[in-house]
Each structure stands twice: as C-alpha cells, then as structure tokens.
Amino acid sequence: MLSQRARNINPSPTLTVDAKAKAMKAEGHDVVNFGVGEPDFDTPENIKEAGIRAIREGYTKYTPAGGILPLKQAVVDKFKGDNGLEYSTNEIVISCGAKHTLYGLAEALFDPGDEVIIPAPYWVSYPEQVRLTGATPVILETSEDSGFVLDPEALKAVVTSKTKALILNSPSNPTGGVYDRAALERIAEIAVANNIVVISDEVYETLIYDGMKHVSIASLGAEIKALTVVVNAVSKSYAMTGWRIGYAGGPVDVIKAVTNIQGQSTSNPCSIAQHAAIEALTGPQDMIATMLVEFDKRRKRLVEGLNAIEGISCQMPRGAFYAFPNVKALYRGEIKGSEDLSMFLLEEAKVALVHGAAFGSDDHVRVSYATSMEDIEKALARIAEAVGKL
Ligand SMILES: *Cc1c(COP(=O)(O)O)cnc(C)c1O
C-alpha cells in the first residue's frame with residue numbers, strides 16, 4: 001500500500017531515543033537522558049506572556065502561509081543586526097520550525113537526479129529529506145582532527161555537474177563543530193564557482209563558546225548571498241522547541257516556492273507562536289547569555305569527565321550543546337558498534353544517548369548536555385562503572 005518514498009524513509013533516531021528514555025522514566029527507571037535535542041531551560045516569561053496575550057487579543061485564526069508581516073520584519077531586523085544580512089520581508093518565510101523550513105526548501109529546490117552534498121557527521125534529517133525528493137545525498141566525511149569542519153579540497157573533489165546544493169550546519173549538531181570565517185570563505189568560493197546552492201542551518205548560532213563569533217556564509221559577499229538560504233529558528237536560542245517557529249532568508253523565488261508549498265500543506269505556522277516569536281526576537285535578550293554560561297560549565301565538566309573514562313576520547317565542542325566522543329576503543333565482544341554501545345549504556349547504566357551511526361559516524365556517540373550538572377555527574381559515574389564491565 002505504501003509509496004516507494006514512504007518505504008524508504010527512516011524514523012528519526014534522535015526522537016526515538018528520546019521517546020524510549022522518557023518511556024523508561026515513566027516506568028519508574030532513574031534514566032539520565034543524554035539523548036535530548038532541546039534546551040532544558042523553560043521558555044522565558046515575557047515570551048510566554050506574549051503568547052497568552054496573542055490568544056486574548058484574538059490572534060487565533062489563519063495567517064498568511066509564509067507568516068505574519070511583523071514577524072517577518074522582526075526576522076529582517078535580526079538578520080541585519082546579528083548577521084549583517086540585508087533582506088526585505090519578501091525574502092523571508094516563517095515555517096513550523098526549522099525542520100519544516102528545511103523540508104520546504106528540499107521540496108522547492110531538489111529534483112530527482114540532483115546531488116546534494118552533506119558533510120558528515122550530519123543532522124539526521126538532512127539525508128532523509130533529500131531522499132524524499134528523489135535527489136541523492138552525497139555524504140562527505142569530515143575528520144575529528146579538523147574539529148569536524150569540511151575540507152574545501154574534499155568538497156571540490158565531490159562536485160559534479162549534478163551537484164545542486166550543499167547543506168552546512170554551523171554550529172553543528174551532533175559534533176559541536178564551528179566554521180570560522182576563513183573556512184566559510186573557501187567554501188563560498190567553491191559554491192560560487194560551481195553555482196551550488198548553500199542551505200545554511202544556523203539554529204545554534206547563539207551557542208558558541210570561547211569567544212568565537214558566529215559567521216553566516218551568506219554575509220561573505222553578494223554572489224554567495226544570492227546562492228544561500230539561511231535557516232534559523234527560535235527553538236534552540238530561546239528554549240522554544242515546542243512552539244514550532246523556524247524561518248529562512250533567501251532569494252525571492254525560493255522563498256516564494258517554499259511559501260506556496262506551505263500554503264498547500266500546513267497553511268501557516270501557529271498564529272499564537274508567531275506572536276510569541278516576535279517577542280523572542282525583539283524583547284530582552286539576556287537569557288541567551290544566561291543559557292550560554294550554564295551550557296559552557298556543563299560542556300567543560302562533561303568533556304573532562306568523558307576523557308577520564310578509559311576507552312573514551314572527546315574533543316572539546318565549540319558550539320551547540322552536544323559532545324561527540326569517540327568510543328571506538330570500547331567496541332569488543334558483543335559491542336560491535338555505536339548502536340550496541342548505546343543500547344548497553346541504556347540498559348546497564350540507565351543513560352540514554354544517541355549512537356553516532358545515526359549521524360553518519362559509527363565511531364562516536366552523541367551526548368547532549370542540555371541536562372542538569374547533577375545529571376551529568378550522575379551519568380558520568382554510571383558510564384564509567386558500566387564501561388568498566390566491558
Ligand atoms: C533542532 C534542529 C533543527 C530543527 O529545529 P526546529 O526549529 O525545532 O524544527 C534544525 N537543525 C538542527 C541542526 C537542529 O539541531
């Protein structure tokens with residue numbers, strides 16, 4: 001009965017792990033959930049109030065498919081202020097979360113036969129979304145030594161006449177890798193020379209450590225800007241994952257196509273959440289710094305703790321809220337790869353994390369530190385004990 005497309009799609013492994021951890025918790029197990037892909041902070045009060053106000057003021061009806069004008073204007077101002085990017089409101093689309101923006105972009109841009117370059121380790125949805133359109137994901141490995149940043153020479157080597165797009169994600173989920181300006185300049189050069197569309201997923205832009213600064217590849221010149229769609233969301237920056245508001249800035253024709261696709265599929269992002277997102281983007285921004293300070297403390301403790309465990313080696317992530325330790329040295333006996341190890345740690349240590357194979361690297365696991373310091377300490381002790389039994 002099912003379409004070929006539906007038969008080929010995999011369930012989201014990150015959502016599956018999260019669901020399993022929550023189910024075990026509900027059964028009374030003391031599970032530490034390192035699988036989470038969302039901040040553990042609550043949505044700030046002023047943003048919640050804006051949502052409540054929107055309901056009271058009657059913003060409870062359909063909106064334009066691509067989002068309401070005041071939110072588009074807030075996004076225009078955000079791109080200008082934070083990223084040095086000049087867009088007008090007709091170059092902006094609002095969607096039901098960045099995942100949905102990315103899906104709309106895949107539908108709007110890719111034809112069967114197109115090749116889409118995805119650096120690995122990658123966010124789980126990129127290859128699946130590309131495959132759903134009939135296009136071909138071209139997975140390009142990055143090395144741990146480079147901080148999981150794409151090597152421009154390797155990029156050049158996989159470009160063919162069929163290459164349509166490159167999906168960039170900085171800071172990266174799952175690796176925490178961050179591209180600096182120099183790296184982005186070299187990638188932009190290659191994209192421009194080969195007329196490659198760049199989809200730049202910047203949802204973790206506010207979560208960068210050690211004084212590094214986020215650079216949007218679209219800000220590196222008019223030519224690369226004309227080829228780039230910048231994707232962002234309020235989800236991670238403002239602890240608003242459940243509100244489902246993502247957005248993109250890009251060429252008018254692409255934005256129009258995404259808007260039309262939304263008009264025929266979801267109609268519009270939630271009216272109430274759009275009003276809350278205006279408050280997020282235009283209201284006080286202090287919670288961003290507060291979250292960053294806390295995540296930074298956890299990051300350092302987690303990485304230090306992981307490196308203290310025999311058989312685990314972990315680079316210091318430079319952004320987002322994930323560590324991506326190499327656990328290959330633990331593969332022995334029954335434990336043949338990252339999925340076996342994750343299952344073992346869930347059962348033996350009651351620690352949920354996501355196997356690296358889901359992100360295109362079986363040597364690693366993804367550990368989220370969007371959990372309390374107390375949980376981090378508890379989980380580190382339990383992992384050390386469990387690993388000692390291997
Ligand atoms: C969480 C996440 C998204 C999706 O964000 P939503 O706005 O919740 O849909 C997109 N890209 C990456 C890399 C993410 O980690």
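Bear in mind that the values here come from a model prediction, so they are computed numbers and not experimental data.

## A closer look at the environment of G84
Mapping G84 onto the fold places it in the loop between α4 (69–83) and β2 (92–95). On the accessibility criterion, G84 (54% relative accessible area) is exposed. Measuring from C-alpha to C-alpha, the distance between G84 and S219 comes to 6.3 Å, with 135 residues separating the pair along the chain.

## Points about unusual backbone geometry
The amide bond that connects A120 to the next residue, P121, takes the cis arrangement and shows omega of -5°. Residue placement: P121 occurs in the loop between β3 (115–120) and α6 (125–132). Omega for the bond connecting N173 with P174 falls within 30 degrees of zero, at 25°, which places this linkage in the cis form. Along the chain, P174 turns up in the loop between β5 (163–169) and α8 (181–193).

## Digging into the site of the ligand
In the vicinity of the ligand there are 14 residues, among which A98, D201, Y204, S235 and K236 approach most closely. Interatomic distance of 2.8 Å between a side-chain N/O atom of N173 and an oxygen atom of the ligand. Protein chains shield 94% of the accessible area of the ligand, which is 380 Å² for the free molecule.

## Regarding the pattern of salt bridges
Scanning all chains against the criterion turns up 20 salt bridges. R382 is the salt-bridge partner of D30, the closest N and O atoms lying 2.6 Å from each other. In this pair, D30 is assigned in the loop between α2 (13–26) and β1 (32–33) and R382 in helix α14 (residues 373–388), connecting sequence segments 352 residues apart. Between E153 and R186 there is a salt bridge, and its shortest N-O distance comes to 3.7 Å. With E153 in helix α7 (residues 152–158) and R186 in helix α8, this residue pair connects regions lying 33 residues apart in the sequence. Judged by relative accessible area, which is 42%, R186 ranks as partly exposed. The structure contains a network of salt bridges with shared partners spanning D40, E294, K297 and R298.

## Considering the sheet that holds strand β12 (residues 365–368)
Here we have three strands laid out as an open sheet, ordered β9-β12-β11, and antiparallel in their pairing. The open sheet has two free edges, formed respectively by β9 (322–323) and β11 (354–355), since each of these has just one partner strand. Bridge count between β9 and β12: two bridges; the pairing is antiparallel. When the sheet's bridge partners are listed, A323 is paired in β12 with V367.

## Examining the domain arrangement of the protein chain
Here the protein chain is described as being made up of domain 1 (4–43 + 286–387) and domain 2 (46–282). Summarising the inter-unit geometry, the C-alpha centres of domain 1 and domain 2 are found 25 Å apart. The interface is formed by 39 residues belonging to domain 1 together with 36 residues belonging to domain 2. Taken over both partners, the interface formed by domain 1 and domain 2 buries close to 3200 Å², and the fraction arising from carbon and sulfur atoms is 58%. Put simply, domain 1 and domain 2 have two salt bridges between them. Between D42 and K48 there is a salt bridge, and its shortest N-O distance comes to 2.8 Å. Counting across the domain 1 and domain 2 interface gives 19 residue pairs in polar contact (both at pLDDT 80 or more). At the level of secondary structure, the elements contributing two or more residues to the side of domain 1 that touches domain 2 comprise α1 (4–8), α2, α12 (286–307) and β9. Considering every element that reaches the side of domain 1 that touches domain 2, the biggest residue donor is α12, with seven residues. When grouped by side-chain class, the residues that make up the side of domain 1 that touches domain 2 number 19 nonpolar, 13 polar and seven charged.

## A closer look at the packing of helix α13 (residues 338–348) against α14
At a closest axis distance of 10 Å, the pairing of α13 and α14 adopts a crossing angle of 110°. What the angle tells us is that α13 and α14 run roughly perpendicular. For the element pair α13 and α14, the recorded crossing hand is right-handed. The segment α13 lies against α14, with F344, L345 and E348 engaging I383, A386 and V387. Considered class by class, the residues forming the contact of α13 with α14 number five nonpolar, no polar and one charged.

## Here's the deal with helix α10 (residues 252–263)
With twelve residues, α10 extends 16 Å between its outermost C-alpha atoms, agreeing within 8% with the 16 Å of an ideal straight helix rising 1.5 Å per residue. Taken residue by residue, α10 has V254, I255, V258, T259 and Q262 as its buried positions. Buried residues of α10 fall within an arc of 135° about the axis and therefore sit on the same side. Among the exposed residues of α10, those pointing more than 90 degrees away from its buried face are D253 and K256. Here the buried face of α10 lies against β2, α5 (98–109), β7 (228–233) and β8 (246–249).

## With respect to the state of the cysteines
What the rule picks out here adds up to zero disulfides. Just so you know, C96 is unpaired, no disulfide at all, and the nearest cysteine sulfur is the one on C270, 8.5 Å from it. Here C96 falls in the partly exposed class, since its relative accessible area comes to 21%.

## Digging into the pairing of β3
For β3, the buried fraction is high: six of the six residues fall into the buried class. Here β3 shows a buried face lined by E115, I117 and P119 and a second buried face lined by V116, I118 and A120. With six bridges connecting them, β3 and strand β4 (residues 136–141) associate as parallel partners. From the neighbouring strand, E115 faces β4, where its bridge partner is T136. For the crossover that starts at β3, traverses α6 and ends in the parallel β4, the hand is right-handed. Across three bridges, β3 lies against β5 in parallel orientation. If you follow V116 over to β5, its bridge partner there is A165.

Parameters at a glance
- Residues numbered from 1 in each chain as written.
- Predicted model: local features only at pLDDT ≥ 70, side-chain atom pairs only at ≥ 80, totals over all residues.
- Heavy atoms only, no water.
- Helix = DSSP H or I, 4+ residues; strand = E, 2+ residues; numbered from the N terminus.
- Buried < 20%, exposed > 50% of the residue type's maximum accessible area, 1.4 Å probe, protein only.
- Near = heavy atom within 4 Å.
- Polar contact = N/O pair within 3.5 Å; in protein donor to acceptor, adjacent residues only side chain to side chain.
- Areas by Shrake-Rupley, 256 points an atom, 1.4 Å probe, with all protein chains shown as cover.
- Salt bridge = Lys/Arg side-chain N within 4 Å of Asp/Glu carboxyl O.
- Pairing = 2+ DSSP bridges.
- Domains from an automatic or database assignment.
- Contact = heavy atoms within 4.5 Å.
- Buried area = accessible area lost by both parts, 1.4 Å probe.
- Nonpolar A, V, L, I, M, F, W, Y, C, P; charged D, E, K, R; others polar.
- Axes fitted to C-alpha atoms, helices over the stretch in contact; angles between N-to-C directions.
- Parallel < 35°, antiparallel > 145°, perpendicular 65-115°, else oblique.
- Left-handed = near helix turned anticlockwise from the far one by under 90°.
- Expected span 1.5 Å × (residues − 1).
- Arc of directions from axis to C-beta.
- Disulfide = S-S within 2.5 Å.
- Right-handed = clockwise from strand over helix to strand, strands pointing away.

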